[in-house]
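# Breakdown of the fold
Residue strings, one per chain:
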Amino acid sequence: MRRIILPFLIITVCSFGVIASGVEKKVAQKPDSIPVIDSLDLFRDITDISRQIERRRAQPQEIDGSAIISPRQPSDTLPDSIIISPVSSQTPRKTVPMVPVDSTPSYRNPLDFIYLRKENGTLQLPVNQGSFESMSGLTFRDTLFYNPLFLPMIFTGEMLPRELSLYSEEKDGDKGVLIPREKTFAPRLNHIDFVRNVRRDYYMKYPDRIRYSVASFDSIPSLKSDDQVVRETFNPFRELIKAETTYSLDAPGIEGVTIGRKYWVRSGEHSFQFAQNYFSDNWHKGGVNNLNFNSLHIVRANYQKDKVKFNNTFEWRLSVFNAPDDSLRKYRIGNDLIRYYGDFGVDAFGKGWSYSTNLEAKSQLFNTYPVNSNDILSSFMSPLYVNAGIGLKYNLDKPSQRVRHRRVRWELAIAPISINYTYVLNNSVEVKRFGIQEGKKSQLDIGSTLTSILKYDITRYITWDSRLTYFTSYEKVISEFENSLNMSLSNAFSTRIYVNMRFDDGVPPDPKFKHLQVNQTLSFGLNYKW
């Protein structure tokens, strides 16, 4: 038995010795891993593939049979990044002579011993990538980077954080949140903020290393967001409103037209109002039935260009009422006024002030008679009042900051030198009623005039208009104070209260009112503005 086992043990030991010596030889034949120096030069050389290929051409190299380095033509254009594309793994080994150009030692990628490169310098991997050992020599030179931290630094101008807040952050910001923060987009946003912070710190610490900015490029490609793509490609309302016949919704070509500035501004106001009174025959205080009709027409035409202003206002007031107590006529004329007021001015030293000259002319259209008499009290051009002066004018236009539609507009004209002319055309009219001496038809007075025009919009529907005219020849005074309160019930209906007081000490005094004259009207009706 010992004779059989002893030779078998000797043969087994010798076999293990031979196998161990073969493994040791294979391990000794395997070259050590080639060290790769990771430095800033390698990072800067990531896009400079042409220099790398030129260095490879400098010395003829013995290349492994599974890959061939193809020379790059000088006219080729290299890509900005390296793309890995698969090729057949069964490639015969060849030796390619390199044309010496530079004696400087060049860097050799370990994968150049195994795989093939194209003419543009990109690395080609075999189709079968099941062996992970073939990827052991892969470095950052042979990969495509998507992380913005490894891209070339270009100044974009984004220095402020994504969410800039001037208030202190809440301590319990996640209180009451149903979804955990780590399961939302918060980690992704935090990573984006981290990338921006790194780039911002790099801008501040190494500004001399930033070679380009977004201003250096003619155009920068922009990527559409996912929600924008969804809105453009999927729109359910597009199918709902889709017509059977397709029409083009593109805007037609329109030629550009230069619109000139409008210097004239026109506006107007018209109202037709009435008042009616009825008394029965047995009314305990008595009374007379009457019907009043009032009309007002105002047209404005204002011009303004640079420092020049020219304002014009035409006004006509007429009041007609029935006269049951007059045996000679069925109706009588109450208030009859036709007036023109204009001023021409040039901007002066201060805001709102202007050098101006003004003109006012007023008269009436119809004849007026006393009760049960044919004597004419006044008629057309009888009288005619003309007032003109030179001085300063102040304009104020101030809307309210608290109440909506409240606004104050005020015009004040001061004419230290002015004239006041009165003329009577009809010989049947008594001239003494208008301050003209007996036997004359006109009167000219020289003095000073003060004119104030106020328009106060209390609310959108209530407006107060006031006009004050004061003339003095330093011997007599002629003054008029007109007030009108307009209360609009709608855009078409309104109520108006009109009060006109006149003072003239150049006419004979009245036993009751002396030199004061009063005219008051209350009416309701239609109102229109444009």
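First, a word on what this report is: a plain description of the structure on this page. Every value quoted in this text rests on a predicted model; they were computed, and no experiment measured them.

### Here's the deal with unusual backbone geometry
- Residue serine 382 is joined to proline 383 through a cis peptide bond whose omega torsion reads 10°.
- Within the element layout of this structure, proline 383 appears in the loop between strand S10 (353-363) and strand S11 (384-399).
- One non-glycine residue, lysine 514, lies in the positive phi region at around 60°.
- Relative to the assigned elements, lysine 514 resides in the loop between strand S16 (493-504) and strand S17 (516-529).

### Some remarks on the side chain of serine 494
- As for its placement among the helices and strands, serine 494 is situated in strand S16.
- Judged by its relative accessible area of 3%, serine 494 is buried.
- Excluding anything up to four places from it in sequence, serine 494 contacts Gln273, Met487, Ser488, Leu489, Ser523, Phe524, Gly525 and Asn527.

### Description of the side chain of arginine 329
- The topology assignment puts arginine 329 in the loop between strand S8 (308-322) and strand S9 (331-347).
- Engagement of the side chain of arginine 329 in a polar contact is seen with the side chain of aspartate 326, the distance being 3.2 Å.
- Within the structure, arginine 329 has its side chain in polar contact with the side chain of asparagine 374 (distance 3.0 Å).

### What to know about a nonpolar patch on the surface
- There is a patch of nonpolar side chains on the surface, built from Phe272, Phe274, Leu291, Phe293, Leu489, Phe493, Phe524 and Leu526 and spanning about 770 Å² of accessible area.
- Taken together, the elements giving at least two residues each to the nonpolar patch come down to strand S6 (264-277), strand S7 (290-305) and S17.
- Mapped onto the fold, leucine 526 is located in strand S17.
- Look at leucine 526 and you get partly exposed, because its relative accessible area is 43%.

### So, the packing of aromatic side chains
- On inspection of all chains with the given rule, the structure shows 13 aromatic pairs.
- Aromatic pair tryptophan 353 and tyrosine 394: ring centres 5.1 Å apart, planes at 45°, arrangement tilted. Taken together, the residues tryptophan 353 in strand S10 and tyrosine 394 in strand S11 connect sequence positions 41 residues apart.
- Among the aromatic residues, those joined into a cluster by ring pairs are Tyr263, Trp264, Tyr303, Phe310 and Phe344.
- The lysine or arginine in question, lysine 305, covers the ring of tyrosine 263, its NZ or CZ lying 5.0 Å from the ring centre.

Scoring rules and cut-offs
Residue positions are given per chain, counting from 1 as you read along its sequence in written order. Confidence filtering applies because this is a predicted model: local features only for residues at pLDDT of at least 70, side-chain atom pairs given and counted only at 80 or more, and all residues used for totals across whole chains, interfaces and linings. Values shown for side chains rest on all heavy atoms present in the structure; no hydrogens or waters enter the calculation. Put simply, DSSP H or I for four residues or longer makes a helix, DSSP E for two residues or longer makes a strand, and each gets a number counted from the N terminus. Burial here depends on accessible area, computed with a 1.4 Å probe over protein chains only, as a share of the maximum for the residue type. Under 20% is buried, over 50% is exposed, and the range in between is partly exposed. In this analysis, two residues are considered to be in contact whenever any of their non-hydrogen atoms come within 4.5 Å of each other. The term polar contact refers here to a pair of N or O atoms within 3.5 Å; inside protein, the definition further demands a hydrogen-donor-capable atom paired with an acceptor-capable atom, and it admits residues adjacent in sequence only when both atoms are side-chain atoms. Only residues whose relative accessible area exceeds 30% and that form no salt bridge are eligible for patches; like-charged ones are grouped when within 9 Å, while nonpolar side chains (Val, Leu, Ile, Met, Phe, Trp, Tyr) are grouped when within 5 Å. All accessible areas in this document rest on Shrake-Rupley with a 1.4 Å probe, and a residue is counted as covered only by the protein chains that are shown. The salt bridge definition used is simple: a Lys or Arg side-chain nitrogen within 4 Å of an Asp or Glu carboxyl oxygen. Stacked, edge-to-face and tilted are the three classes for Phe, Tyr and Trp ring pairs, Trp counted by its six-membered ring, which pair at centre distances within 6.5 Å; planes under 30 degrees apart are stacked, over 60 edge-to-face, the rest tilted. In this scheme, the term charge over a ring applies when either NZ of a lysine or CZ of an arginine sits within 6 Å of the ring centre and within 35 degrees of the ring normal.

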